[in-house]
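Residues per chain, in single letters:
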Amino acid sequence: MADKNVFVFIGTYRSAADAQLDYAAVKELHSSGVISTYDAAVVEKDAEGKVHVHKHEKPTQHGAWTGIAVGAVVGILFPPSVIASAAVGGVAGGVIGHLWHGMSRGDMKDLGETLDAGTAALVVVGREKLSEKIEKATARAQKKTEKQAKVDAKDFEKELESASKESR
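### Re the environment of glycine 118
Examined against the element boundaries, glycine 118 turns out to sit in the loop between helix H5 (105-116) and strand E4 (120-126). Excluding anything up to four places from it in sequence, glycine 118 contacts Thr12, Tyr13, Lys45 and Gln142.

### Quick notes on H5
Look at H5: 16 Å from first C-alpha to last across 12 residues, which is about the 16 Å you get at 1.5 Å a residue. All of the buried residues along H5 are Asp107, Met108, Leu111, Gly112, Thr114 and Leu115. With its buried residues spanning 160 degrees around the axis, H5 presents them on a single face. Residues of H5 that are exposed and point more than 90 degrees away from the buried face comprise Arg105, Lys109 and Asp116.

### Digging into the confidence of the model for the protein chain
Predicted confidence across the protein chain gives a mean pLDDT of 77, with 76% of residues reaching 70 or more. Across the protein chain, the element-wise mean pLDDT spans from 50 in helix H3 (residues 87-91) up to 92 in helix H1 (residues 16-31). Predicted confidence for residues 58-64 stays below pLDDT 50, and this span has 18 contacts to residues more than four positions away or in other chains.

### Thoughts on the sheet that holds strand E3 (residues 51-54)
Reading across from one edge, E3-E2-E4-E1-E5 is the order of the 5 strands in this open sheet, with antiparallel pairing throughout. If you trace the sheet from one side to the other, it starts and ends with E3 and strand E5 (143-149), each paired once. Averaged over all pairs of adjacent strands, the angle between their axes in this sheet comes to 20 degrees, without regard to strand direction. In the packing of H5 onto the sheet, the strands contacted are strand E1 (6-13), strand E2 (38-45), E4 and E5, and the crossing angle to E5 comes to about 155 degrees.

### Things to note about the nonpolar core
Val6, Ile10, Leu77, Leu99, Val123 and Val125 are the most contacted members of the largest nonpolar core, which totals 29 residues. At the level of secondary structure, the elements contributing two or more residues to this core comprise E1, E2, helix H2 (68-77), H5, E4 and helix H6 (153-167). With 8 residues, H2 is the largest single contributor of residues to this core. Ranked by size, the runner-up nonpolar core spans 18 residues in total, among them Phe9, Tyr38, Ala40 and Leu130.

### As for the environment of arginine 14
Relative to the assigned elements, arginine 14 resides in the loop between E1 and H1. On the basis of relative accessibility, which here comes to 65%, the residue arginine 14 falls in the exposed class. With 107 residues separating them in the primary sequence, arginine 14 and alanine 121 have C-alpha atoms 8.7 Å apart. Apart from residues lying up to four places away in sequence, arginine 14 is in contact with Thr119 and Gln142.

Procedures and definitions
Residues numbered from 1 in each chain as written. Predicted model: local features only at pLDDT ≥ 70, side-chain atom pairs only at ≥ 80, totals over all residues. Heavy atoms only, no water. Helix = DSSP H or I, 4+ residues; strand = E, 2+ residues; numbered from the N terminus. Contact = heavy atoms within 4.5 Å. Expected span 1.5 Å × (residues − 1). Buried < 20%, exposed > 50% of the residue type's maximum accessible area, 1.4 Å probe, protein only. Arc of directions from axis to C-beta. pLDDT = per-residue confidence, 0-100. Pairing = 2+ DSSP bridges. Axes fitted to C-alpha atoms, helices over the stretch in contact; angles between N-to-C directions. Core = buried A, V, L, I, M, F, W, Y, C linked by side-chain atoms within 4.5 Å.

Structural data, given as C-alpha cells:
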C-alpha cells in the first residue's frame, strides 16, 4: 500500500507581520518535535497583484523539501504571470505535477479561495495532518484550510530531491 500522506495547510492573514509570527510559531513546533517533515513559507500579494514567497531559513533536515514543496503549491494556485519568482515554476515542475494529479479541482479551488481571502498567507506542506497540531500556532489566521494530496509520499520526496538537485 502506498504511503499517501502529503498535506497542504493554508492560513490567511490581514498582514504579512501576523503571518510571519505564526510562521515562527510553526517553526518552533518543528524544533520541539511536535511536527516532523514539513516545508513552510509566507506568501504575500503586493499592490500590483504579484505573489511573493518568503522563506527565511531551512525548516527541516530534509533539504529537498526546502522551498520547493511550497513553491509547487503556489505554482498550482497562481498563474505564472503573477508569481514574482520565476524559479517557482521551473524547478518545481515535477512536484507541481504530483500535487496537481493528487488533488481534486474542488480542493485546489478551496485552497485558492483561502489564499485570496487575505493579503498574506502561511502555506505549510507536510507528511502528516497538520491542522490540529498547529491550531494554536496559527491563531492569528483569519481563515484556515487543509487538504490531503493523494500522492505517494515516497515518490513525492524523490521528485523533491530531483528538483533540489536541479536548483543547485
